[in-house]
Amino acid sequence: MSHTETVGAFTDLYLPTVNGVTSTVGLWREHWSARRGPMSVVYPRVEGYEPAEDEHPVRSVRAPFFPRYRLGLPLVPDGLAAPDLVHVHTPFTVGYAGLRFARERGLPVVASYHTLLGERADRIAPRPFSDGLRSVCRGYERAFFERADRVVVPTAFARRHLLETVGADVDARVVSNGIDTDLFRPVDPSRLRSRYDLPDSPLVGYTGRHGPEKNLEEAIDAVSGTGVSLAIAGDGPARGEWEARAREADADVRFLGFLDRAELPAFYSALDAFVFPSPVETQGLVALEATACGTPVVAVDAGALTEFVIGGETGYRYRRGDVEDFRYAIRRALAERDRLSDLCVRRRSMLSVEHSVGQLAGIYDELV
């Protein structure tokens, strides 16, 4: 078995955008470089972001349907040296350029399955058009991922979805994205509580992209009339809709805006429970981060959260669309907060990115 050193990562999502994909690419680059060698990254150019060493932007245009994102042209930057292996993180234009770059040079390719494209069709087009769009998305996913030598998926749920629902004939391996457990740990939240004037318990919250697929209106409805406060951090296109929903609710709902990454451990630690009603997650890194900070998670019983949120250990799940069941799960998590928090902290070592990169190295070495 050969020893992989240099990796070329191709991704359609990267800094300064903050989401699960960009966080994973950044963490893997950092820890791979410390373990083996450089991991260069090719990504869409965003005005105002200056590339660091081994970062290679390509020209980009505004993405259709998602104007906050940039769509990179399917180009390979001049001066990009051929690595030992190519890892494509997204199945769009830059990801396609990574596939072409690898095949032209006879390099092995690993692809990551981060996003359930077809499951977002209902948010883009009304029925019956969404059914056709979902079918097109799954056909495209099959064609793209079957061109890779290996596919890495963050959870067993994502693997089943790719193999059975999408129908891709691929060699898929489960490798958790992992999180930085040096950063995400229980901390004193008093300074952050004071800065954002957060109320005393009971307090639940969410942080992440404000997209309609995250389904946060269900969390707003769940706390309405309960006396539980809800703190929502982050930003995105659905924020205006959620703020309007919150104004109509009988609840204390606070929108904190974007938090710096360094503030997130204190945010998680300030919460009695983290709420996560998104049904389309392949893993849900924010749930891992909350758990590592000792905060139990109340999540929808759908997607990868069915696998990760263990009832009575790391939190509780509720039936999708059932607001009363959501409220019941929140009450249970609040009543058992101390016990659940202790169990969450005990799982921290299993969530580490170092463990994930070690698994990734084994897959790379098989191919190289």
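Owing to the predicted nature of the structure, the values given are computational and were not obtained by experimental measurement.

Undergrad: Account for the overall build of the protein, naming residues and giving values.
TA: What the protein contains, in helices and strands, is 14 helices and 15 strands. In terms of overall dimensions, the protein has C-alpha extents of about 60 × 45 × 40 Å along its principal axes. Every one of the 368 residues in the protein was classed for burial, and the buried ones make up 57%. Taking the contacts inside the protein whose residues are at least 6 apart along the sequence as the reference set, 67% of them involve residues at least 24 apart. Total accessible area computed for the protein in this model is approximately 15,600 Å², and 48% of it derives from carbon and sulfur atoms. In the protein, 44 side chains carry a positive charge and 52 a negative one; their mean positions are 2 Å apart.

Undergrad: Any chance you could break down the sheet that holds strand β6 (residues 85-88) for me, citing the residues and the numbers?
TA: Pairing is parallel in the open sheet, where seven strands are placed in the order β3-β2-β1-β6-β7-β8-β9. Across the chains shown, the open sheet's two edge strands, defined by having one partner strand only, are β3 (55-58) and β9 (172-174). Strand-to-strand twist of the sheet, defined as the mean angle between neighbouring strand axes without regard to direction, takes the value 25°. Of the pairings in the sheet, the one linking strand β2 (residues 39-44) to β3 comprises four bridges and is parallel in character. Looking at β3, one finds that V42 is bridged to H56. Sitting on the sheet, helix α2 (residues 93-105) is in contact with β1 (7-10), β2, β3, β6 and β7 (109-112), with an inclination near 160° to β6.

Undergrad: Let's hear about the nonpolar core: which residues, and what values?
TA: Core analysis: the largest hydrophobic core is formed by 58 residues, its most contacted members being L230, F267, Y268, F274, V275, F276 and V298. The leading source of residues in this core is helix α10 (residues 285-292), at six residues. Among residues more than four places away in sequence, those in contact with V275 are V204, G205, Y206, A219, L230, V298, F326 and I330. Of all hydrophobic cores here, the second largest spans 28 residues; its members include F145, V151, V153 and F157.

Undergrad: Tell me about the packing of helix α7 (residues 216-223) against helix α12 (residues 323-335), and name the residues and values.
TA: Relative to each other, α7 and α12 sit at 70°, their axes nearing to 9 Å. It follows from the interaxial angle that α7 and α12 lie roughly perpendicular. The way α7 lies across α12 gives a crossing that is right-handed. For the pair α7 and α12, the contacting residues are E218, A219, D221, A222 and V223 in the first and V323, F326, R327 and I330 in the second.

Undergrad: Report on the environment of L305, specifying residues and quantitative values.
TA: When you line up the elements, L305 lands in helix α11 (residues 305-308). Given a relative accessible area of 0%, L305 falls into the buried group. As for L305 and T155, which are separated by 150 residues in sequence, their C-alpha atoms are 9.5 Å apart. If we skip the residues at most four places from it in the chain, L305 touches F276, S278, E281, Q283, A287, A299, V300 and R317.

Criteria and cut-off values
- Residues numbered from 1 in each chain as written.
- Predicted model: local features only at pLDDT ≥ 70, side-chain atom pairs only at ≥ 80, totals over all residues.
- Heavy atoms only, no water.
- Helix = DSSP H or I, 4+ residues; strand = E, 2+ residues; numbered from the N terminus.
- Buried < 20%, exposed > 50% of the residue type's maximum accessible area, 1.4 Å probe, protein only.
- Contact = heavy atoms within 4.5 Å.
- Areas by Shrake-Rupley, 256 points an atom, 1.4 Å probe, with all protein chains shown as cover.
- Lys, Arg positive; Asp, Glu negative; His and termini not counted.
- Charge placed at Lys NZ, Arg CZ, Asp CG, Glu CD.
- Pairing = 2+ DSSP bridges.
- Axes fitted to C-alpha atoms, helices over the stretch in contact; angles between N-to-C directions.
- Core = buried A, V, L, I, M, F, W, Y, C linked by side-chain atoms within 4.5 Å.
- Parallel < 35°, antiparallel > 145°, perpendicular 65-115°, else oblique.
- Left-handed = near helix turned anticlockwise from the far one by under 90°.

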